[in-house]
Amino acid sequence: QVQLVESGGGLVQAGGSLRLSCAASGTIFSIAAMGWYRQSSGQQRELVAVSRSLGRTEYADSVKGRFTISRDNTKKTAYLQMNSLKVEDTAVYYCRALVYGTTYWGKGNLVTVSA
């Protein structure tokens, strides 16, 4: 069984930075993809950033140039560096991992950006 443990959320002022982490545990030899989705109040969950095999990354247009996703495969951990945060980035951020064809989700981490 794979578990995802997230950390790093919190409250920050607009223009500030936060870094989210997502560590996978379990019997894992490779992770096809790791990334984050977010869901704000009354909205659908949306892709923020994903890191796929061979170093390919994908970002939502709204975060390009501000957020950076990275992975440490030896630690089975992904990171999301969020800079120049905006009020509209406020949401619960969920880590997602694709392992051996199965999707796993973290419990979510609240990020609140104040004006």
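Here the structure is shown first, and the text comes after it.
Residues numbered from 1 in each chain as written. Predicted model: local features only at pLDDT ≥ 70, side-chain atom pairs only at ≥ 80, totals over all residues. Heavy atoms only, no water.

### Digging into the pattern of salt bridges
What the rule picks out here adds up to five salt bridges. Measuring nitrogen to oxygen at the nearest pair gives 3.0 Å for the salt bridge that ties Asp89 to Arg38. Remark: Arg38 occurs in strand 4 (residues 33-39) and Asp89 occurs in the loop between strand 8 (77-82) and strand 9 (91-99); sequence separation between them is 51 residues. Neither residue differs from the other here; Asp89 and Arg38 are each classed as buried. Across the pair Glu58 and Arg52 runs a salt bridge whose closest N-O atoms are separated by 2.8 Å. (Salt bridge = Lys/Arg side-chain N within 4 Å of Asp/Glu carboxyl O. Helix = DSSP H or I, 4+ residues; strand = E, 2+ residues; numbered from the N terminus. Buried < 20%, exposed > 50% of the residue type's maximum accessible area, 1.4 Å probe, protein only.)

### Notes on the sheet that holds strand 7 (residues 67-72)
Reading across from one edge, 1-3-8-7 is the order of the four strands in this open sheet, with antiparallel pairing throughout. Two strands close off the open sheet at either side, each with one partner strand: strand 1 (3-7) and strand 7. The average angle at which neighbouring strand axes cross in this sheet is 15 degrees, direction not considered. Across five bridges, the pairing between strand 1 and strand 3 (residues 18-25) is antiparallel. By the bridge assignment for strand 3, Gln3 is matched with Ser25. (Pairing = 2+ DSSP bridges. Axes fitted to C-alpha atoms, helices over the stretch in contact; angles between N-to-C directions.)

### Focus on the environment of Lys107
Within the secondary structure, Lys107 is located in the loop between strand 10 (102-105) and strand 11 (109-114). For Lys107, a relative accessible area of 80% corresponds to the exposed category. Considering only alpha carbons, one finds Lys107 and Val92, 15 residues apart in sequence, at a separation of 9.3 Å. Residue contacts for Lys107: discarding those within four places in its chain leaves Glu6 and Tyr94. (Contact = heavy atoms within 4.5 Å.)

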